[in-house]
Every structure is written in structure tokens, then in C-alpha cells.
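Structural features, examined
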Amino acid sequence: MRLKPALSAEEAFQFLSASAVLTWGAAAASEITTNLRSIAEAMAVVGALDIPDETEPLFGEDPARMWEAT
Amino acid sequence: MTTVAPAYDLSASDLATRIASRTCTPTEAVSSALLRIDELEDRVHAWAFVDRETALAQAEVLTSEAANGDLRGPLHGVPVGIKDVFHVQAMPTVANSKTMDPSAAYGDSAVAAALRAAGAIILGKCETVEFAGMGMPPPTRNPWNLEHTAGGSSSGSGAAVGARMVPVAIGTQTGGSNLRPAAYNGIAGFKPSHGAISREGLLPVSWTLDHPGIIARTAVDLSLVFDAIARARPVSPLRTGPWRIGLVREFFLERSEQPVVESVERAVSLMRDGGATVAEAHLPPIFAAQQAIHRLIMSPEMVTYHATRLAEQEDRMTPRHVQSVKAFSLLPVTYYIQALRARRILKEQLALLFDQFDILVMPTTPAPAPKGLDSTGDASLLSPWSLVGFPAATVPCGLSNGLPLGLQLVGKPGSDTTVLAAAEFAESVLGLLDLPF
């Protein structure tokens, strides 16, 4: 699924719904519609962000910068 | 005539002081806690497991040591609870899930080992939402009103301390799971900077968002326990005031019910009277995306951990947990990476606020504990600080319809001791809440 140009929440939902049927089957897919809507909305928000090319992912803590081991 | 408070009603610091001065013994402290559990557990359901015999046996040993003036550490003889997602030697780890084998043996998690080294006595494991994530809530009830949730996912940790069963309990926070139950139960809570307390021996929800946390009677207790279990000391220098406070109205007060807004405004006014300077702090535009960023990071990390469980034990997982894992598994990896990049920008821009302020303040939750046990409440005011890993504390700041409210204090990464000092300041001007029973 593309990141840019940004998806709408509805486009993301259609992609996730189709993936759900392929991955888990139609019955299970119908049970997770609410969860998929929520993820689709988040995908649309994050996909629309303008992030500079040089930005690296932030995976979590960076103890070397913030902490001195005891 | 003065009345001596029963041991169960003492804060950890008061209890430790009395044990050190030999006016209370660890055996008396543990016995008092167990009696309190006997009195209230049928109604509150804070505990997944209590090991009475081992706790009393350890208390006898620690009592002998204290009698000889030999204290293991700052928590010598203090009874504590640990959320049932941390491994503790000779105790089951079940995580409120039928997929976990209660007969499996584990060694101590880093947190449990640190507590023991400080002299604490681990009474047992506190109830949790299924795997501390988006699964089934436990049966835990709020001691302030049994018809309401105690919050979660550290439900039992919050209720056990709130009901005065133990003065301290350990929780975790991936979104709002440590500070929310602390606030709902009228007590203090602390989520340190990400990485400040070891996650070794903790069942994960989401590796880059999970924070072990502390729930205690008072802010002083939070500092006492953090000093004992932190794996590292913050590099950021300690500030002790006069406090430069940034009140965050955007998003945080805007989402809150009127009694919460009034309670926070009153708290800020009292802090100003106490010598603090207060100005409004303004959030960067990217903050509007924080909930989406959090969701896209937590979802794939959580599903990766539970993928094998889903494949092998789906019939033993609750439908709520199964549905979350199945849905989250479908997120394209590019969105996870993009969310991690967005988190870096959000963190850097939020950190700039601390050029102007020592501490940001806002409500801990937008409303008091909701009625019923199906939901553990709203974590939306807490998850931004879990996302960026900033230290955050909560102290009680009033009541709404007889249920506690919390004031949240947030600092820059690595300023944990400053946040705890600010929490002590806030608590000193706001006072503590007394349980209605």
C-alpha cells in the first residue's frame, strides 16, 4: 500500500478490509471492522504528515544520551 | 491522647521510617496488609495471587535483621504488590489470560529483584487487563465506588494502593495504564522516562512504548521507590523550584469535563500561591497527530509479540484480544516506520517547551472513573507522554461526584527527579485524599 500520495481514511479502510478477507477469511474480517476503521483513520493522519527526508525513526529510549548507569 | 495509625494506613516512607526506628516491625506491617486484604478483597478484587506464607516468612527474617539494626535498603520490610505482567520468582504470571500456564516457573524480573534488594516484601501479583493491552479487563473495582472501574490496565495495582492494602505497587504504562489507575484511586503515580526502569522480565505490549511505573500513597513514596528500582540516574540536573509551570489548555483541558477543568485551575492557583510562576504552554501542530502515531506504533509491535499465541491458542484468547491482534496484523510496515519518524519530530518539538518551563501541568484524565467494568477509562491525556517517553506523575487534585481526580505533571526526557520534586510540591499545596472508609 502506498504511503504517498497520502491515502484517505476510506481508501485505507478498503485496503485493510480486502487484506482482512484474504488473511483471516470473510467471517473474521466482518468481526474486526471497527478495529480496521480505527487503523485506517490513523493511517490517513500519519500518511498526510510532511516529514523531512533526513528524519530517522525513533525506536525508543536512548539511554546513552539521557542516563548514567548505576 | 494521640492515636497511632495502623500499619496498613501508613505511606511507604512513614512505614520504612517506623521500621528503621523499631516502632513497627516488618511482621506487623505484612500482617496488617494481609488483614486489610482479607477485609476488602472480596469487594475490590485487586489481587491475582497472594503468597501469604512466603511473605510472612520473609517478614520474620527482616524483622530479626531490623532488630539488629541491619536494614537491607530504603524499603526494608515494606509490603508491595506487582502487576501480573512482571515475573516474580515462585509466583505465577498469568496476565489475566488463559493462554498463560500458571504452573510455569520464572525468575525475578529486574523490578522484582530491585525491590527485594531494597528490602521490600512482595505480597503477590496485582490484577491486570489481559496482557496489559487491549484485551479483557479484570474484575477489579474502584474502592471509592465499587460500581466504577479502578482504571487500567494496572487495575489491581491502583486499587490495592487506593484501598490501603499495600502502600506501593508496580504497574506499567504503554498508553495510560499506570497514571490512570493512580488518579482514579485517589493516589500518586509515576511513569518515568522511557528506559529508566528496566523492562527485563516484563511481558511486553509494545517494546518502544512500554514503561514500568510506580503507584504509591504519596509523591514522596514515588521518589523513594524510584530511587530504589531505577536502573540509571537521570543526567538532567534536578530542579527544586521556584517552579516555572506551563499549563496546557489546548487538547488537555478542552477534552475535559467541567469539574476536572475547575479542579486543575484550582490546583494551578494554589501552586501559584505556593511560589510558582504559571503561563500557558502551546502545543506544536504535529501534536494533532499524536494519537494516530501512537496507534500505528503500538499495533504492529503488539501483534508481533502475540502472533504465535494467536496461531496456537486462539481458542484460549478472549474475542476482544483476538480481534485486536488480527486487525493490527494488517498494517503495512511503511506506516509503522513513518509513525516512528513522526514520533521523533513530535518528541523534539515537545522538548522545546521545556526551554520556557520546568514542568507542564494538565489533567490526568478528562473525567473520573467511569461506571462499570467493561472499560478502564480514557487514556487520551496520558498516551502522548508514553509516546514520546517523557516522565509524568499524577497527584490527587480533588473529587467529582465522590470520585478522585488527578493532576498530571510532565517533564523533559531524563528529568525524572525534577518531575518527582514537582509532584511533591504539588502534593504539599493540594493535600492528600482520605478514603471514605
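What comes next concerns the included structure. (Residues numbered from 1 in each chain as written. Chains lettered and ligands numbered in written order. Predicted model: local features only at pLDDT ≥ 70, side-chain atom pairs only at ≥ 80, totals over all residues.)

Topic: the overall build of chain A
- Secondary structure assignment for chain A yields four helices and one strand.
- Counted from the first residue to the last, chain A has its helices and strands arranged as α-α-α-α-β.
- In chain A, which comprises 70 residues, the proportion classed as buried is 29%. (Helix = DSSP H or I, 4+ residues; strand = E, 2+ residues; numbered from the N terminus. Buried ≥ 20, exposed ≤ 12 C-beta atoms within 10 Å, placed from the backbone.)

Overview of the sheet that holds strand β7 (residues 188-191) of chain B
All names here are of chain B.
- One open sheet accounts for 11 strands, arranged β1-β3-β2-β6-β8-β7-β13-β14-β12-β10-β11; its pairing is mixed. Sheet topology places β1 (47-50) and β11 (277-280) at the edges, where each strand pairs with a single neighbour. Geometrically, the sheet is characterised by an average inter-axis angle of 30° between neighbouring strands, direction not taken into account.
- Pairing geometry for strand β6 (residues 168-173) and strand β8 (residues 211-216), over six bridges, is antiparallel. Of the residues in β8, the one forming a bridge with Ala 169 is Ile 215.
- Taken strand by strand, helix α5 (residues 155-162) contacts β1, β2 (79-83), β3 (121-126), β6 and β8, and its axis lies near 150° from that of β6. (Pairing = 2+ DSSP bridges. Axes fitted to C-alpha atoms, helices over the stretch in contact; angles between N-to-C directions. Contact = placed C-beta atoms within 7 Å.)

Observations regarding the pairing of strand β12 (residues 359-363) of chain B
Residues and elements named next belong to chain B.
- For β12, a buried count of five out of five residues is recorded, marking the element as mostly surrounded by other parts of the structure.
- Relative to strand β14 (residues 403-410), β12 runs antiparallel, the two sharing four bridges. When the sheet's bridge partners are listed, Met 362 is paired in β14 with Gln 408.

What to know about the nonpolar core
- A:Val46, B:Val80, B:Leu222, B:Ala393, B:Leu409 and B:Ala423 are the most contacted members of the largest nonpolar core, which totals 157 residues.
- Broken down by element, the residue count for this core peaks at eight residues, all from helix α14 (residues 416-430) of chain B.
- Beyond its immediate sequence surroundings of up to four residues, B:Ala423 is in contact with B:Ala188, B:Ala219, B:Leu222, B:Ala393, B:Val395 and B:Leu409. (Core = buried A, V, L, I, M, F, W, Y, C linked by C-beta atoms within 7 Å.)

Here's the deal with the interface of chain A and chain B
- Residue-level contacts link 33 residues of chain A with 39 residues of chain B.
- Those elements giving two or more residues to the side of chain A that touches chain B turn out to be α1 (9-24), α2 (26-31), α3 (33-47), α4 (63-66) and β1 (67-69) of chain A.
- With eight residues, the top contributor of residues to the side of chain A that touches chain B is α3(A).
- Of the residues belonging to the side of chain A that touches chain B, the class tally is 22 nonpolar, seven polar and four charged. (Nonpolar A, V, L, I, M, F, W, Y, C, P; charged D, E, K, R; others polar.)

Details of the packing of α3(A) against helix α10 (residues 290-313) of chain B
- Two numbers describe how α3(A) lies on α10(B): the axes approach to 8 Å, and their chain directions differ by 120°. Overall, the two elements α3(A) and α10(B) adopt an arrangement that is oblique. As for how α3(A) packs across α10(B), the hand of that crossing is left-handed. Facing α3(A), whose interface residues are A:Ser38, A:Ile39, A:Ala42, A:Met43, A:Val45 and A:Val46, α10(B) presents B:Ala292, B:Ile293, B:Arg295, B:Leu296 and B:Ser299. (Parallel < 35°, antiparallel > 145°, perpendicular 65-115°, else oblique. Left-handed = near helix turned anticlockwise from the far one by under 90°.)

Focus: the pairing of β14(B)
Residues and elements named next belong to chain B.
- Counted residue by residue, β14 has eight buried out of eight residues, so it is predominantly covered.
- Where strand β13 (residues 392-400) lies against β14, eight bridges are found, and the strand directions are antiparallel. Considered in β14, the bridge of Leu 399 is made with Pro 404.
- Counting the residues between successive antiparallel strands, the hairpin from β13 to β14 contains two residues, one of them, Asn 401, with a positive phi of roughly 55°.

Some details on the packing of α1(A) against α3(A)
Residues and elements named next belong to chain A.
- Taken N-terminus to C-terminus, the directions of α1 and α3 make an angle of 135°; their axes are 8 Å apart at the nearest point. When the axes of α1 and α3 are compared, the pair comes out oblique. Seen along the crossing, α1 lies across α3 with a hand that is right-handed. Every residue of α3 that contacts α1 at Ala 9, Ala 12, Phe 13, Leu 16, Ser 17 and Ala 20 is listed here: Leu 36, Arg 37, Ile 39, Ala 40, Glu 41, Met 43 and Ala 44.
- Looking at the contact of α1 with α3, its residues break down into 10 nonpolar, one polar and two charged.

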